[in-house]
Amino acid sequence: MEDDNRPQNSDSDVTLWDYSLRVYADKVVSQACLAAQDTYNVDVCLLLYLAWLAHRGEQISKSQLGQVVNACEDWRNAVVLPLRKQRRRWKAVDSESWEYAALKRLEQQAERDQLQAMEASFSHIFQAEASGGTARQSDIAYCLSENLKTLAAALSLPESALADFRGALDGV
């Protein structure tokens, strides 16, 4: 049996999408994600991506984070955010309408596409920098903390801005 320093309780083969669905299904996690999104304009997909990396025992550098954000920024701005805006408008008017349901499905598919692009960028970025650009740790909580510190610094947020998300993941 090989020891590659992955966390003992980690399933390193789980896709980002499957991990995100499992984690986001927890009400406390989803509420923390939405609070970070609505209060600090933090991309929920990015939060889930960073948690997935931590689950795999990966720490992200500021440079790597920038590469991931750049890889998805156009898609998020052109597709995900406009769909979210329209869905929220329809929800305020009639959350039971077929239009609202259709917009919700489209937004979820756009987020799935974004997560898949992020996962593809993970493979490209992390494997390209495997010679020293990535820290692999056996402590998921440590990796998550470091990944969220990197995000907070990149967004000029206080580290406390992401504390609820970090705490929510403790129960998952």
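Residues numbered from 1 in each chain as written. Predicted model: local features only at pLDDT ≥ 70, side-chain atom pairs only at ≥ 80, totals over all residues. Heavy atoms only, no water.

1. Let's talk about the overall build of the protein
Note the threshold: Numbering goes from the N terminus for both helices and strands, where a helix is a DSSP run of H or I of at least four residues and a strand is a run of E of at least two. Type-normalised accessible area, obtained with a 1.4 Å probe on protein chains alone, sets the label of each residue: buried when under 20%, exposed when over 50%, and partly exposed for intermediate values. Surface exposure here means Shrake-Rupley accessible area, sampled with a 1.4 Å probe, where a residue is shielded only by the protein chains that are shown.
Summing up its helical and strand segments, the protein has 7 helices and 2 strands in all. Of the regular secondary structure in the protein, the N- to C-terminal order runs α-α-α-β-α-α-β-α-α. In the protein, which comprises 172 residues, the share counted as buried stands at 41%. In the form shown here, the protein has an accessible surface area of approximately 9,500 Å², with 48% of it arising from carbon and sulfur atoms.

2. Things to note about the environment of Glu58
Inspection of the secondary structure assignment puts Glu58 in strand S1 (residues 58-59). C-alpha of Glu58 to C-alpha of Asp139: the two residues are 81 residues apart in sequence and 9.5 Å apart in space.

3. Describing the layout of surface pockets
Going by this rule: Residues are said to line a cavity or pocket when one of their atoms sits within 4 Å of a point; the points come from a 1 Å grid over protein atoms alone, cavities being sets where a 1.4 Å probe fits but cannot get out and pockets being open sets with protein on both sides within 12 Å along at least five of seven lines. Grid points are joined across faces, edges and corners, and a volume is the space filled by probe spheres set on the points. Polar here means any residue outside two lists: the nonpolar Ala, Val, Leu, Ile, Met, Phe, Trp, Tyr, Cys and Pro, and the charged Asp, Glu, Lys and Arg; Gly therefore counts as polar.
Size it by volume and the largest pocket reaches roughly 530 Å³. Along the wall of the largest pocket there are 19 residues; nearest its centre are Tyr24, Leu34, Glu107, Gln108 and Glu111. Among the secondary structure elements, those contributing two or more residues to the lining of the largest pocket are helix H1 (16-24), helix H2 (27-40), helix H3 (44-55), helix H4 (62-94) and helix H5 (98-128). When its residues are assigned to classes, the lining of the largest pocket shows 9 nonpolar, 3 polar and 7 charged. Approximately 340 Å³ is the volume attributed to the second largest pocket. Taken together, 19 residues form the lining of the second largest pocket, with Asp43, Leu46, Val69, Arg76 and Leu155 sitting closest to its centre. Put simply, the parts of the chain that give the lining of the second largest pocket at least two residues each are H4, H5 and helix H6 (140-154). With 9 residues, the single largest contributor to the lining of the second largest pocket is H4. A per-class count over the lining of the second largest pocket returns 10 nonpolar, 5 polar and 4 charged.

4. Observations concerning the pattern of salt bridges
Just so we agree on the cut-off: A carboxyl oxygen of Asp or Glu within 4 Å of a side-chain nitrogen of Lys or Arg is what we treat as a salt bridge.
The full count for this structure, using the stated rule, is 6 salt bridges. Here Arg76 ties to Asp43 by a salt bridge, and the two come within 3.3 Å at their closest N and O atoms. Taken together, the positions of Arg76 in helix H4 and Asp43 in the loop between H2 and H3 put the pair 33 residues apart, joining distant regions of the chain. With respect to class, Arg76 is no different from Asp43; both count as buried. Between Arg84 and Glu111 there is a salt bridge, and its shortest N-O distance comes to 2.8 Å. In this pair, Arg84 is assigned in helix H4 and Glu111 in helix H5, connecting sequence segments 27 residues apart.

5. Remarks on the state of the cysteines
Where we set the bar: Working definition: a disulfide is two cysteine sulfur atoms within 2.5 Å of each other.
Applying the stated criterion across every chain yields a total of 0 disulfides. Between Cys45, a free cysteine, and Cys72, which holds the nearest cysteine sulfur, the sulfur-to-sulfur gap is 8.2 Å.

6. Quick look at the environment of Arg56
By secondary structure assignment, the location of Arg56 is in the loop between H3 and S1. Note on Arg56: relative accessible area 9%, which makes it buried. Measuring from C-alpha to C-alpha, the distance between Arg56 and Asp139 comes to 9.6 Å, with 83 residues separating the pair along the chain.

7. What about the packing of aromatic side chains?
Filter applied, for reference: Aromatic pairs are defined between Phe, Tyr and Trp rings, using the six-membered ring for Trp, whenever the two ring centres lie within 6.5 Å; interplanar angles under 30 degrees are classed as stacked, those over 60 as edge-to-face, and all others as tilted.
Overall, the coordinates contain 1 aromatic pair when judged by the stated rule. On the basis of an interplanar angle of 35° and a centroid distance of 6.1 Å, the ring pair of Tyr49 and Trp52 is categorised as tilted. Taken as a pair, Tyr49 and Trp52 lie in helix H3 at a separation of 3 residues, close to a single helical turn.

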